[in-house]
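Results of the structural survey
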Amino acid sequence: MAEQAQYAELMRQFSAFGAVKRELGRMLPADCPSGSAAVLTLLERHGDMRMSKLAELLAVDMSVTSRHVAHVAERGWIDRSPDPADKRSRILHLTPAGLAQLDELSRRTTEMLARRLSDWTDEDVGQLIRLMSRLRADFDDCRYAPARPAPPPETDPSTRTPATTK
C-alpha cells in the first residue's frame, strides 16, 4: 500500500489535472461546450436513452440535463422521439449531424493529445490509459466504460506495474 506522502502527492496531481481539463475544454468548438460534448459522447457510447438515464450518467440534476439536451437538439445533433412504452417520456438518439460533430470533437482531441504527448512512448500512453481506467473502476464510475475494449498494448514485463488484489 502507498505511503501517506504518496497519497498527498496524488491529491496535488488531481488538483493540477484541472489545467488539462481546461485545455481540453478550450479546444471544443464554440457551439459545443463540454456539457453538449458529454451528451453526444454518452449517447454514442450507450445508445438511445431517456433523459433520466442521461442525467444519471452525467451525474447532474435533470434541469441541467434538460439544458444540455435542448442545446444539442437545437443544433440538430440529437432527436427526441416519444418513448413507445411511455408517451410522456422522450428517447434521445444521435442524428447524422451529431455523429459528424462527434467525429470533429474526436479529431480535435486526438490532434491535441498527439501534440501534447508527442514525446511519450506508446507504452507510456498505454500505461496511462490502463491506470486511469483502473482508477475509475475503483471509484465505480460506469459512465465511461469503453464501448469496445481496446487490445492491451504489448509491454516489457520488467516495466509493468504489478497488479494488486483486494
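Residues numbered from 1 in each chain as written. Predicted model: local features only at pLDDT ≥ 70, side-chain atom pairs only at ≥ 80, totals over all residues. Heavy atoms only, no water.

Attention now goes to the packing of helix 2 (residues 34-46) against helix 3 (residues 51-58). At a minimum axis separation of 11 Å, helix 2 and helix 3 run at an interaxial angle of 110 degrees. When the axes of helix 2 and helix 3 are compared, the pair comes out roughly perpendicular. Across from Ala-38, Val-39, Leu-42 and His-46 in helix 2, the residues of helix 3 making contact are Leu-54, Leu-57 and Leu-58. Of the residues contributing to the contact of helix 2 with helix 3, the split by class is six nonpolar, one polar and no charged. (Axes fitted to C-alpha atoms, helices over the stretch in contact; angles between N-to-C directions. Helix = DSSP H or I, 4+ residues; strand = E, 2+ residues; numbered from the N terminus. Parallel < 35°, antiparallel > 145°, perpendicular 65-115°, else oblique. Contact = heavy atoms within 4.5 Å. Nonpolar A, V, L, I, M, F, W, Y, C, P; charged D, E, K, R; others polar.)

Further remarks concern the pattern of salt bridges. In total, this model carries nine salt bridges according to the counting rule given. Arg-75 is the partner of Glu-74 in a salt bridge, and the nearest nitrogen-oxygen pair spans 3.6 Å. Note on Glu-74: relative accessible area 64%, which makes it exposed. Overall, the relative accessible area of 33% leaves Arg-75 in the partly exposed class. With its nearest N and O atoms 2.8 Å apart, the salt bridge here joins Arg-108 to Glu-104. (Salt bridge = Lys/Arg side-chain N within 4 Å of Asp/Glu carboxyl O. Buried < 20%, exposed > 50% of the residue type's maximum accessible area, 1.4 Å probe, protein only.)

The quantities given are spatial measurements derived from coordinates; they are silent on function.
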